[in-house]
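Report on the structure
As a plain string of letters, each chain reads:
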Amino acid sequence: MPTTPVVSRVITKEELCLMEQVPSSCGIVIFGASGDLTHRKLLPSLYSLVLEKVLPKQYYILGLARTAMSDAEFQAKARESLGSAGTPAQRDEFIRHCLYMAGDYQDIKTYMTLKQKLAGLDQVYETQGRHILYLSTPPSLYESIVQQLGSSGFAESRGEGGWVRLVVEKPFGSSLATAEHLNQSLHKVFREKQIYRIDHYLGKETVQNILMFRFANAIYEPVWNQKYIDQVQITAAESVGVEHRAGYYDQSGALRDMFQNHLFQLMSLIAMEPPSSFSADAVRDEKTKVMASLCFPQGQQIDEATVRGQYEAGAIDDEVVPGYRKEDGVRADSTTETFAALRVNIDNWRWHGVPFYLRSGKRMPKRVTEITVQFKHVPSSIFRPLMAEQISANVLNFRIQPNEGISLQFEAKHPGPKLCMSSVTMHFDYEEAFGIKPPEAYARLFQDVMLGDQTLFSRQDWLSHSWTFLDPIIERWAEQKGKGLAFYPAGSWGPREADELLQKDGRQWLTT
Ligand code: BG6
């Protein structure tokens, strides 16, 4: 007979907040540790976990890369990346845990030396064979590193209570075929439960908050469907250009760089059905179903539902900036898109007929990521002569970054004549409400890897759907070469064609 679990007492919301688990001691190996990401994001995030007292007492961070460097040199670089956060003693303590090893990724000797090194460190730090292996090298090296890890026996932990988890930085493939090939290579060595595919957007507090907003409040769910929602817009705008990443970006472009992962993740969270629980697979099952319900435009339909652009010289905050083709490392005749806009339709009962407009670009007027849900107009107006369409529709805005928060726009009586009304906004500001800035996304993600929680990581099937949707678009754009690439001046909201995409549907972009 199944027994009903006995709940001794109800846990309060306040107690739940304090229940963040402290992970067990572990060693973190960062492959590609001389790179930019390690110093810009990974080390500062790990250090922030120390400051918040959520990193285990016993831990070590071993950077591995080809560059010859001593522990002291690596530590000096690491110190620079911490800035002035915490006390000098806290910084010294953290830096002592950062070590370095130089090695050739293709050479089995590197892995033999690494193995010995980890065995020694595990003794010192009592980490009992618990290892996070973080791949932050150029993606072309992932397969050979994983293969070498497999042949030198890194995938399984030997110690009791040990575990080994592999973190894979984006980009995860550059097409369906390459992503599946990479998955197969990973699965030859690691089990799916050991693989953590990073999408740092999922670690952002405001992105996680979409789930709370939708499923911890009863008032939105009844109107969260095609009966009440007219359209959803997702904008991820950046004012920066390609920066020093032309080598990668010129091969990638905005679709692969921002849509395949970040924008589609945001769309999945907005569109998913309520999961059966807040467990990794329940949440990811529902997100995958959204991707499986996408309508696939083909041929001519692709041209009608997509826009691609590239920035030309212009000005941002009064500073003159060069065009994309004049950036260091970019081909002079490059047709890589630095901006894209898509109309996406999700063909299921909840969303049939509701367009999702997605856009992202570099060198736009400001950095802003937001999701805007526009509701339908009132069905009929009692405020004649005003007609229903003249009464502004409600707009719900999730401000992912910066100035994180949520706002709801609605109609209110304006002081004055009887029929005077205008749109007003109710606003929740993250920093004002909680008195702190949202933490760094990578810190949350590191903590989850240590705890073995895969909820905020991309699953293989979700990724395959995402590539299946994008591949035909990428292929068509490649066939058309420069034809169809629209140019926009740096500092603008993208090419005119992106506005026309919505105008054809009688709509416009709603960026705040
Ligand atoms: C990365 C992209 O994944 O996300 C970059 O490769 C982009 O091109 C970055 O600039 C944006 O991240 P964020 O957190 O600054 O919005």
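Residues numbered from 1 in each chain as written. Predicted model: local features only at pLDDT ≥ 70, side-chain atom pairs only at ≥ 80, totals over all residues. Heavy atoms only, no water.

This next bit is on the site of the ligand. Around the ligand sit Lys 170, His 200, Tyr 201, Lys 204, Glu 238, Arg 245, Asp 257, Met 258, His 262, Lys 362, Arg 367 and Gln 401, and those are all the residues in its vicinity. One of the side-chain nitrogen or oxygen atoms of Glu 238 is found 2.4 Å away from an oxygen atom of the ligand. When isolated, the ligand has an accessible area of 400 Å², and the protein chains bury 84% of it. Residue contributions to the shell around the ligand peak at three residues, all from helix α9 (residues 246-271). Residue composition of the shell around the ligand, by class: two nonpolar, three polar and seven charged. (Near = heavy atom within 4 Å. Polar contact = N/O pair within 3.5 Å; in protein donor to acceptor, adjacent residues only side chain to side chain. Areas by Shrake-Rupley, 256 points an atom, 1.4 Å probe, with all protein chains shown as cover. Helix = DSSP H or I, 4+ residues; strand = E, 2+ residues; numbered from the N terminus. Nonpolar A, V, L, I, M, F, W, Y, C, P; charged D, E, K, R; others polar.)

Moving on to the domain arrangement of the protein. Much of the literature gives interface size as the accessible area that the parts lose upon coming together. In terms of domain boundaries, the protein breaks down into domain 1 (23-169) and domain 2 (203-439 + 458-503). Distance between the C-alpha centres of domain 1 and domain 2: 35 Å. (Domains from an automatic or database assignment.)

Turning our attention to the packing of helix α6 (residues 142-151) against helix α7 (residues 176-189). Look at α6 against α7: their axes get within 9 Å of each other, and the N-to-C directions meet at 15 degrees. As far as their axial angle goes, α7 and α6 are roughly parallel. α7 is crossed by α6, and the crossing has left-handed handedness. Each of Tyr 142, Glu 143, Val 146 and Gly 150 in α6 lies in contact with α7, whose residues at this interface are His 181, Leu 182, Ser 185, Leu 186 and Val 189. (Axes fitted to C-alpha atoms, helices over the stretch in contact; angles between N-to-C directions. Parallel < 35°, antiparallel > 145°, perpendicular 65-115°, else oblique. Left-handed = near helix turned anticlockwise from the far one by under 90°. Contact = heavy atoms within 4.5 Å.)

This next bit is on the environment of Ser 81. Here Ser 81 shows up in helix α3 (residues 71-82). Sequence spacing of Ser 81 and Arg 40 is 41 residues, and the spatial spacing of their C-alpha atoms is 6.4 Å. Non-local contacts of Ser 81, meaning those with residues more than four positions away in its chain, are made with His 39, Leu 43 and Pro 44.

What follows deals with the pairing of strand β1 (residues 26-31). Where burial is concerned, most of β1 is hidden: six out of the six residues are buried. Strand direction decides the pairing type here: β1 and strand β2 (residues 59-65), joined by six bridges, are parallel. By the bridge assignment for β2, Val 29 is matched with Leu 62. Where the polypeptide runs from β1 across helix α2 (residues 36-51) and back to β2, its parallel neighbour, the crossover connection is right-handed. (Buried < 20%, exposed > 50% of the residue type's maximum accessible area, 1.4 Å probe, protein only. Pairing = 2+ DSSP bridges. Right-handed = clockwise from strand over helix to strand, strands pointing away.)

Our next topic: the sheet that holds β2. Spatially, six strands are ordered β3-β2-β1-β4-β5-β6 in an open sheet, and the strand pairing comes out parallel. Looking along the sheet, the strands with just one partner apiece sit at the ends: β3 (98-102) and β6 (195-197). Direction aside, the axes of adjacent strands within the sheet are offset by 20 degrees on average. For strand β4 (residues 130-135) and strand β5 (residues 163-168), the ladder comprises six bridges, and the chain directions are parallel. Residue pairing across strands places Arg 130 opposite Trp 163, the latter belonging to β5.

Moving on, we come to the packing of α2 against helix α4 (residues 88-96). Running from N to C, α2 and α4 cross one another at 120 degrees; their axes reach a closest spacing of 11 Å. The angle between α2 and α4 places the two elements in the oblique class. Like other packed secondary-structure pairs, α2 and α4 cross with a definite hand, here right-handed. For the pair α2 and α4, contact is made by Leu 43, Leu 46, Tyr 47, Val 50 and Leu 51 and by Gln 90, Arg 91 and Phe 94, respectively.

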